[in-house]
Amino acid sequence: MAAPPTEVAAPAPEGPKKKRSPNRLIVEEALNDDNSVISLSQAKMEELNLFRGDNVLIKGKKRKDTVCIVLADENLDDQKIRM
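Basis of the calculations
- Residues numbered from 1 in each chain as written.
- Predicted model: local features only at pLDDT ≥ 70, side-chain atom pairs only at ≥ 80, totals over all residues.
- Heavy atoms only, no water.
- Helix = DSSP H or I, 4+ residues; strand = E, 2+ residues; numbered from the N terminus.
- Buried < 20%, exposed > 50% of the residue type's maximum accessible area, 1.4 Å probe, protein only.
- Areas by Shrake-Rupley, 256 points an atom, 1.4 Å probe, with all protein chains shown as cover.
- Contact = heavy atoms within 4.5 Å.
- Core = buried A, V, L, I, M, F, W, Y, C linked by side-chain atoms within 4.5 Å.

Caption draft 1: Fine view of the overall build of the protein. Looking only at helices and strands, one finds 1 helix and 5 strands in the protein. Each helix and strand of the protein, placed in order from N terminus to C terminus, yields the pattern β-β-α-β-β-β. Counting all 83 residues of the protein, 20% fall into the buried class. Surface exposure of the protein reaches about 7,500 Å², of which carbon and sulfur atoms provide 52%.

Structure, rendered in structure tokens:
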């Protein structure tokens, strides 16, 4: 007689993993009083294809938008923005 077929349990389907976008950054306090300037690390500027002096549109948590000018800051972490 043939052995009964063995059942292989399929792995449980994983839910969609929420990926954070590369342009989601943590805000640090600005060193200057100019509200229209933000600072990013040079590595983050290269990753986002930004150059010094570019205009960027920033969207906040409460759906507020503002336009700022990008500057490089070598003393800043890659996951942070200074504004």
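Caption draft 2: Representation of the side chain of serine 39. Mapped onto the elements, serine 39 comes out in strand β2 (residues 37-40). When its relative accessible area of 14% is taken as the criterion, serine 39 is described as buried. Leaving out residues up to four positions away in the same chain, serine 39 has contacts with Leu71, Asp73, Leu76, Lys80, Ile81 and Arg82.

Caption draft 3: Region of the structure containing the environment of glutamate 28. Secondary-structure assignment places glutamate 28 in strand β1 (residues 26-28). Among the residues examined, glutamate 28 registers a relative accessible area of 24% and is labelled partly exposed. Separated by 52 residues in sequence, glutamate 28 and lysine 80 have C-alpha atoms that sit 6.7 Å apart.

Caption draft 4: Representation of the nonpolar core within the structure. Counting residues in each nonpolar core, the largest one holds 10 residues, listed as Leu25, Ile38, Leu40, Met45, Leu50, Val56, Ile58, Cys68, Val70 and Ile81. In this view, cysteine 68 contacts Asn35, Ser36, Ile38, Asp54, Asn55, Val56 and Ile58; residues no more than four positions away in its chain are not counted.

Caption draft 5: Fine view of unusual backbone geometry. Of note, asparagine 49 is a non-glycine position whose phi angle comes to about 60°, a positive value. Note that asparagine 49 resides in the loop between α1 (42-47) and β3 (55-59). Within the chain, arginine 63 stands out as a residue other than glycine whose phi angle is a positive 65°. Following the sequence through the fold, arginine 63 ends up in the loop between β3 and β4 (65-72).

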